[in-house]
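If you want the building blocks of each chain, they are given just below.
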Amino acid sequence: MSHDYELLDFGAGRKLEQFGQLRLDRPCPTAEDARPTRPSLWSTADARYCGETANAGHWEVRGDLPQRWTVRHGHAVFELKRAESGHVGLFPEQFANWNWLVDLLGKEKGPVRVLNLFGYTGGSTLASAAAGAEVTHVDAARNVVAWAQRNAELSGLAAAPIRWIAEDAMKFVRRETRRGSRYDAVILDPPSYGHGPRGEVWRLSRDLPRLLALCGTLTAGQCRCILLTCHTPGYDPPRLEAMLRDAFPESTNGTFSSGIMTLDTASGRALPSGVVVRWRREL
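Since the model is a prediction, treat every value here as computed from it, not as a measurement.

Undergrad: How would you explain the packing of aromatic side chains if you had to name every residue and give the values?
TA: Per the counting criterion, the structure on display carries eight aromatic pairs. Ring plane angle 70° and centroid distance 5.3 Å describe the contact between tyrosine 49 and tryptophan 59, whose orientation is recorded as edge-to-face. Of this pair, tyrosine 49 sits in strand β4 (residues 47-50) while tryptophan 59 sits in strand β5 (residues 58-61), placing them ten residues apart in sequence. Tryptophan 59 carries the same exposure label as tyrosine 49, and that label is buried. Pairing tyrosine 120 with tryptophan 147 gives two aromatic rings, centres 6.4 Å apart and planes at 50°, and the pair type is tilted.

The structure is reproduced here in structure tokens:
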């Protein structure tokens, strides 16, 4: 649990969250069948994203709110903003994964080269770099890569060995394969659909197996860990784990841990927030 973040309540297709100094009310499809348990609290939201889903609405703001603000998780500091999509630049369901990366990579002896695909605003990149890894951060949106760089600066990691790449993930990995580049760990948080900077189309159902196979080539014989998260309906932990087993033959010499990512309220209510599959080699 981050002291700068709290899931206050959820239900009726929405969630109420505290991000540092601001309280936000946003759409949440996985909360559709739940009922809020603290109804009086929702009127205290500083801003509400109006619309049934993200990317299809607008923010209603109460009072004079900052355009940008910061929150901390562990040693990482994140700059947040109310984006037109309804997102703010942080996915708190990833906190446990970042803690896992810090713990795992921090125990490795010698340099570890990490490839973080669909890196967004850099949470996994910052966790890996804080643990001493060399990171290649890839995201198709140049403005989002710049956002991740600002987060690295705010976190005191401006001088860390991070390569910032604004490019289509598939195109970058194909080129790295041709070059014979090698990595020790792969992190992926692929969207259901997406577009690269030159109009490249990403479709998870079509492209994820091919991308995983290429990543298996980049890490062959030296893979230390894999982190795959997904928010696409129909992709449960067993299916994703099977895909990793196919793409990474050496995963037979390690340990998988898979499950549903959740956000939890202080009272213990759990809001499903995607799927995670982790693998680590045998020590």
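There is more to say after this.
Undergrad: Can you lay out the pattern of salt bridges for me, pointing to particular residues and giving the numbers?
TA: The full count for this structure, using the stated rule, is 18 salt bridges. A salt bridge links aspartate 25 to arginine 14; its shortest N-O distance comes to 2.7 Å. Of the two residues, aspartate 25 is situated in strand β3 (residues 22-27) and arginine 14 in strand β2 (residues 14-19); the sequence distance between them amounts to eleven residues. Each of the two residues, aspartate 25 as well as arginine 14, counts as buried. Note that aspartate 207 is salt-bridged to arginine 206, the shortest N-O span being 2.8 Å. The buried category is assigned to aspartate 207, whose relative accessible area is 2%. Each of Glu108, Asp184, Arg224 and Arg281 takes part in salt bridges that share partners, so that together they form one network.

Undergrad: Pulling in residues and values, what's your account of the sheet that holds strand β8 (residues 113-117)?
TA: Spatially, seven strands are ordered β10-β9-β8-β11-β14-β16-β15 in an open sheet, and the strand pairing comes out mixed. Strands at the two margins of the open sheet, each flanked by one partner only, are β10 (162-166) and β15 (254-264). The sheet shows a mean angle of 15° between the axes of neighbouring strands, taken without regard to direction. Here four bridges tie β8 to strand β11 (residues 185-188), and the two strands are oriented parallel to one another. Of the residues in β11, the one forming a bridge with leucine 117 is leucine 188. Most of the contacts of helix α3 (residues 142-154) go to β10, to which it runs at about 160°, and overall it touches β9 (134-139) and β10. Sheet strands in contact with helix α6 (residues 237-247) are β14 (225-230), β15 and β16 (270-281), and its direction is about 145° off that of β15.

Undergrad: Residue-level account of the sheet that holds β5, with values.
TA: On the basis of which strands lie adjacent, the open sheet formed by five strands has the order β1-β2-β3-β4-β5 and mixed pairing. Strand pairing shows two members of the sheet lacking a second neighbour, β1 (5-11) and β5, which therefore form its edges. Across the sheet, the mean angle separating the axes of adjacent strands is 20° when strand polarity is ignored. Strand direction decides the pairing type here: β3 and β4, joined by two bridges, are parallel. Bridging across to β4, aspartate 25 finds its partner in arginine 48.

Undergrad: Let's hear about the environment of threonine 265: which residues, and what values?
TA: Summarising the element assignment, threonine 265 is placed in the loop between β15 and β16. Setting aside residues no more than four positions away along its own chain, threonine 265 makes contact with Leu7, Leu8, Asp9 and Phe10. Here serine 267 takes part through its side chain, which lies 3.0 Å from a polar atom of the side chain of threonine 265.

Undergrad: Explain the environment of alanine 129 to me, and be specific about the residues and the numbers.
TA: Residue position: alanine 129 is located in helix α2 (residues 123-130). With relative accessibility at 9%, the residue alanine 129 sits in the buried group. Along the primary structure alanine 129 and arginine 113 are separated by 16 residues, whereas in three dimensions their C-alpha atoms are 9.9 Å apart. Aside from chain neighbours lying at most four places away, what touches alanine 129 is Val135, Leu157, Ala160 and Ile162.

Undergrad: Describe the packing of helix α5 (residues 204-219) against α6, and please don't skip the residues or the numbers.
TA: For the pair α5 and α6, interaxial distance at closest approach is 8 Å and the crossing angle is 45°. In terms of orientation, α5 lies oblique with respect to α6. By crossing handedness, the relation of α5 to α6 is classed as right-handed. Residues Leu208, Pro209, Leu212, Ala213 and Gly216 of α5 pack against Leu240, Met243, Leu244 and Ala247 of α6. Here the residues of the contact of α5 with α6 are counted per class, giving eight nonpolar, one polar and no charged.

What counts, and where the lines are drawn
- Residues numbered from 1 in each chain as written.
- Predicted model: local features only at pLDDT ≥ 70, side-chain atom pairs only at ≥ 80, totals over all residues.
- Heavy atoms only, no water.
- Phe/Tyr/Trp six-rings, centres within 6.5 Å; stacked < 30°, edge-to-face > 60°.
- Helix = DSSP H or I, 4+ residues; strand = E, 2+ residues; numbered from the N terminus.
- Buried < 20%, exposed > 50% of the residue type's maximum accessible area, 1.4 Å probe, protein only.
- Salt bridge = Lys/Arg side-chain N within 4 Å of Asp/Glu carboxyl O.
- Pairing = 2+ DSSP bridges.
- Axes fitted to C-alpha atoms, helices over the stretch in contact; angles between N-to-C directions.
- Contact = heavy atoms within 4.5 Å.
- Polar contact = N/O pair within 3.5 Å; in protein donor to acceptor, adjacent residues only side chain to side chain.
- Parallel < 35°, antiparallel > 145°, perpendicular 65-115°, else oblique.
- Left-handed = near helix turned anticlockwise from the far one by under 90°.
- Nonpolar A, V, L, I, M, F, W, Y, C, P; charged D, E, K, R; others polar.

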